[in-house]
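# Working through the structure, step by step
Residues per chain, in single letters:
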Amino acid sequence: MLYQMGKQISFDELASLPELVKSLTTNANIRQNIVMLRDESLFNYRNSGEVIAQQLIDIQASVNGGEYSLMNISAADVSNKMDLAG
């Protein structure tokens, strides 16, 4: 993965690190690879809040017999439901 995102350097090359970072961030291919790897590697990137909120609502509904409510769900209920799913 490292070869797709940048360059490996030795300890002796640390002095040139600022120039190396600048050259990598301006390289269109490297930038495209970073975006591609981010999208492939990070689950629910940019919409994780929405996904977890929906999952919590669904868990609550299953605990409450199919009824949705913004109250009456405990951390134990969520934890137990997640244990059953995992």
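Further up the page is the structure itself.
This one's a predicted model, so the numbers in the text were calculated from it and none came from an experiment.

Definitions and limits used
- Residues numbered from 1 in each chain as written.
- Predicted model: local features only at pLDDT ≥ 70, side-chain atom pairs only at ≥ 80, totals over all residues.
- Heavy atoms only, no water.
- Helix = DSSP H or I, 4+ residues; strand = E, 2+ residues; numbered from the N terminus.
- Buried < 20%, exposed > 50% of the residue type's maximum accessible area, 1.4 Å probe, protein only.
- Contact = heavy atoms within 4.5 Å.
- Areas by Shrake-Rupley, 256 points an atom, 1.4 Å probe, with all protein chains shown as cover.
- Polar contact = N/O pair within 3.5 Å; in protein donor to acceptor, adjacent residues only side chain to side chain.
- Patch = residues over 30% accessible without salt bridge, like charges linked within 9 Å, V, L, I, M, F, W, Y side chains within 5 Å.
- Salt bridge = Lys/Arg side-chain N within 4 Å of Asp/Glu carboxyl O.
- Expected span 1.5 Å × (residues − 1).

## Notes on the overall build of the chain
- When helices and strands are tallied, the chain shows five helices and zero strands.
- For the chain, the sequential pattern of α-helices and β-strands runs α-α-α-α-α.
- A burial count over the chain gives 9% of its 86 residues as buried.
- Long-range contacts, defined here as pairs at least 24 residues apart, represent 19% of the contacts in the chain between residues at least 6 apart.
- Taken as a whole, the chain presents about 7100 Å² of accessible surface, with 58% of it coming from carbon and sulfur.

## Details of the environment of Arg31
- Structurally, Arg31 is set in helix H3 (residues 28–41).
- Taking the C-alpha atoms as reference points, Arg31 and Met5, 26 residues apart in sequence, are found 7.7 Å from one another.
- Aside from chain neighbours lying at most four places away, what touches Arg31 is Leu24 and Thr25.
- In terms of polar contacts, Arg31 uses its side chain to reach the backbone carbonyl oxygen of Thr25, at 3.1 Å.

## Points about a nonpolar patch on the surface
- Taken together, the side chains of Phe11, Leu14, Leu17 and Val21 present a nonpolar region at the surface, about 390 Å² in accessible area.
- Following the sequence through the fold, Phe11 ends up in the loop between helix H1 (2–5) and helix H2 (17–25).

## Considering the pattern of salt bridges
- Inspection of every chain in the model, using the stated rule, returns one salt bridge.
- Asp39 serves as the salt-bridge partner of Arg38, at 3.2 Å between the closest nitrogen and oxygen.
- Assessed through its relative accessible area of 23%, Arg38 is described here as partly exposed.

## A word on H3
- The end-to-end C-alpha distance of H3 is 20 Å, a good match for the 20 Å that 14 residues give at a rise of 1.5 Å each.
- Here H3 starts with a cap whose side-chain oxygen sits 2.9 Å from the backbone nitrogen of Asn29, and that cap is Asn27.

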